[in-house]
Amino acid sequence: MKKKLLALAAFGVFAGSANAQSSVTIYGVIDMAIQHENNGRASKVALDSGGWYGSRIGFKGTEDLGGGLKANFQLESGFNADDGGMGSSGVLFNRLSWVGLSGAFGSLNVGRQYAPIFLVADNVDPFDAGMTGGRAGVSTYSGGMLSIFGTSFRTSNTVNYTTNNLSGFKGSLAYTFGEAAGSTTANRAIGLSGAYENGPVYVGAALQRTNDVNGRVASKELFIGGTYDFHVVKAHLGYQKNTSDSNVTTPLNNKGWMVGATVPLLGGNVLASYIRSTDNTVATANKGSQWALGYTYDISKRTTLYTSYSRNTNDANANIGGLAAANGLTDSLFNVGVRHKF
């Protein structure tokens with residue numbers, strides 16, 4: 001009898017140890033905002049999901065394999081909180097879907113992931129890739145800095161290697177398989193980034209190169225930017241240039257820059273940015289700009305109230321963000337919303 005009890009106790013200790021080395025977390029965001037937009041010809045008021053952060057539910061986990069090696073995964077599905085619909089029709093985990101290994105060598109993940117250029121640009125944008133320049137009535141939509149710059153967000157069928165933090169430096173290299181029969185270059189994408197963060201300083205640079213179905217470079221994105229926290233104000237600065245091969249269906253030759261600020265005020269943060277974009281595929285009247293002002297206030301560790309106003313103005317042959325009803329018109333957006341994390 002004593003031997004049986006000892007065996008059961010030993011099994012319990014072993015099982016508890018195994019469980020302690022593995023974990024799975026369920027998490028999510030519910031973001032809802034009332035938005036008013038005027039696209040230069042008509043105005044619209046709507047209750048939208050994802051005015052700042054895309055509403056989502058996700059699962060992430062890790063297993064300790066021993067010797068410092070871990071297995072990791074993340075599955076994340078976007079949804080429209082205003083009507084309960086899926087964020088992408090027919091795609092369950094439209095935001096993230098990857099599995100990988102991590103250890104002293106860094107991390108290696110395979111699946112649908114954020115592009116390296118997105119992670120660098122998102123760190124620079126004071127509005128965190130949301131809130132400004134959205135289209136009322138279209139859930140989880142942003143026409144802010146990353147949309148105006150044309151920054152890549154996510155890539156599927158991707159192998160991504162990221163270094164560990166090396167005295168403040170971290171780098172990433174991503175390869176996206178085009179998966180086209182008879183071609184290794186069609187639809188292929190390659191991403192590369194490097195960033196340094198130490199104390200008040202963050203600086204980063206990234207390159208994303210994407211081919212079309214014929215293996216030609218349809219988009220080559222270069223982003224450089226950084227932030228510096230003076231404590232009384234955090235300064236933001238970013239620049240991106242997009243080019244392509246001249247013989248692709250839709251040639252690219254545009255550039256944009258952003259200057260912004262985050263200012264602590266009354267327990268919250270004032271956010272501000274000014275963006276200027278030039279489309280050099282058009283010879284004249286090819287510039288547009290956006291200025292934006294917002295405020296966020298945490299009412300708890302998980303719940304934040306926010307509001308913003310943004311205004312896009314365009315030269316006669318420009319329509320930055322694609323939000324105005326036609327080239328040369330002005331688009332404006334006002335919103336007030338709540339974001340809850342769980």
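Located above this text is the structure these notes cover.
Rules behind the numbers
- Residues numbered from 1 in each chain as written.
- Predicted model: local features only at pLDDT ≥ 70, side-chain atom pairs only at ≥ 80, totals over all residues.
- Heavy atoms only, no water.
- Helix = DSSP H or I, 4+ residues; strand = E, 2+ residues; numbered from the N terminus.
- Rg over C-alpha atoms; globule rule 2.2 N^0.38 Å.
- Buried < 20%, exposed > 50% of the residue type's maximum accessible area, 1.4 Å probe, protein only.
- Contact = heavy atoms within 4.5 Å.
- Areas by Shrake-Rupley, 256 points an atom, 1.4 Å probe, with all protein chains shown as cover.
- Core = buried A, V, L, I, M, F, W, Y, C linked by side-chain atoms within 4.5 Å.
- Phe/Tyr/Trp six-rings, centres within 6.5 Å; stacked < 30°, edge-to-face > 60°.
- Patch = residues over 30% accessible without salt bridge, like charges linked within 9 Å, V, L, I, M, F, W, Y side chains within 5 Å.
- Salt bridge = Lys/Arg side-chain N within 4 Å of Asp/Glu carboxyl O.

A word on the overall build of the chain. A count of helical and extended segments in the chain gives three helices and 17 strands. The C-alpha radius of gyration computed for the chain amounts to 23 Å, which stays within 12% of the reference 20 Å derived for 342 residues, consistent with globular compactness. Overall, the C-alpha framework of the chain stretches about 90 × 55 × 45 Å when taken along its three principal axes. The proportion of buried residues among the 342 residues of the chain is 39%. When contacts within the chain are restricted to residue pairs at least 6 apart in sequence, long-range pairs at least 24 apart make up 54% of them. Carbon and sulfur atoms make up 60% of the accessible area of the chain, which amounts to about 17200 Å² in all.

What follows concerns unusual backbone geometry. At alanine 129, a position not held by glycine, the phi torsion is positive, near 60°. Of note in this structure, methionine 131 is not a glycine but carries a positive phi near 75°. Take methionine 131: it is sitting in the loop between α2 (116–124) and α3 (145–149).

Counting residues in each nonpolar core, the largest one holds 21 residues, and the members touching the most others are Met145, Leu146, Phe149, Phe223, Met258 and Ile275. In terms of residue count, the dominant contributor to this core is α2 (five residues). Those residues in contact with methionine 258, other than ones at most four positions away along the chain, are Val124, Asp125, Pro126, Met145, Phe149, His236, Leu237, Gly238, Ser273, Tyr274 and Ile275.

On to the packing of aromatic side chains, then. Inspection of the entire model under this criterion finds nine aromatic pairs. When the centroid spacing of 6.5 Å and the interplanar angle of 50° are considered together, the rings of phenylalanine 149 and phenylalanine 223 count as tilted. A residue pair is termed long-range when its members are at least 10 positions apart, and phenylalanine 149 in helix α3 and phenylalanine 223 in strand β11 (residues 217–229) qualify at 74 residues. Aromatic pair tyrosine 175 and phenylalanine 177: ring centres 5.1 Å apart, planes at 80°, arrangement edge-to-face. With relative accessibility at 43%, the residue phenylalanine 177 sits in the partly exposed group.

Here we come to α2. By the criterion of burial, α2 is predominantly enclosed, with seven of the nine residues buried. Listed in full, the buried residues belonging to α2 are Pro116, Ile117, Phe118, Val120, Ala121, Asp122 and Val124.

What follows concerns the side chain of threonine 278. In this structure, threonine 278 sits in strand β14 (residues 268–279). Judged by its relative accessible area of 9%, threonine 278 is buried.

Attention shifts here to a nonpolar patch on the surface. Together, Leu237, Tyr239, Trp257, Val259, Tyr274, Trp291 and Leu293 line one region of the surface with nonpolar side chains, adding up to about 650 Å² of accessible area. Every element with two or more residues in the nonpolar patch is listed here: β12 (234–243), β13 (253–265) and β15 (287–298).

So, about the side chain of asparagine 80. Relative to the assigned elements, asparagine 80 resides in the loop between β4 (69–78) and β5 (96–103). On the basis of relative accessibility, which here comes to 15%, the residue asparagine 80 falls in the buried class. With residues near it in sequence (within four places) discarded, asparagine 80 still touches Ser49, Gly85, Met86, Gly87, Ser139 and Thr140.

As enumerated under the stated definition, the model contains three salt bridges in all. Of the charged contacts, one joins glutamate 76 and arginine 56 as a salt bridge, the two residues approaching to 3.8 Å between their closest N and O atoms. Taken as a pair, glutamate 76 in strand β4 and arginine 56 in strand β3 (residues 56–66) lie far apart in primary sequence, 20 residues in all. We classify arginine 56 as buried; its relative accessible area is 13%. Notably, a salt bridge pairs arginine 216 with aspartate 212, separated by 3.2 Å at the nearest N-O pair. In this structure arginine 216 comes out as partly exposed when scored by relative accessible area, which is 22%. Ionic contacts of the salt-bridge type, sharing partners, join the residues Arg56, Glu76 and Arg95 into one network.

The next point concerns the environment of phenylalanine 149. Look at phenylalanine 149 and you get buried, because its relative accessible area is 2%. Expressed as a C-alpha distance, the spacing of phenylalanine 149 and isoleucine 320, which sit 171 residues apart in the sequence, is 8.8 Å. In this structure, phenylalanine 149 is in contact with Phe223, Gly238, Tyr239, Gln240, Asn242, Asn254, Gly256, Trp257, Met258 and Ile275, ignoring residues within four places of it in sequence.

Along the polypeptide, valine 110 turns up in strand β6 (residues 106–114). Excluding its chain neighbours within four sequence positions, the residues that come into contact with valine 110 are Ser97, Trp98, Val99, Thr158 and Val159.

So, to be careful, I would describe these as geometric facts and stop short of saying anything about function.
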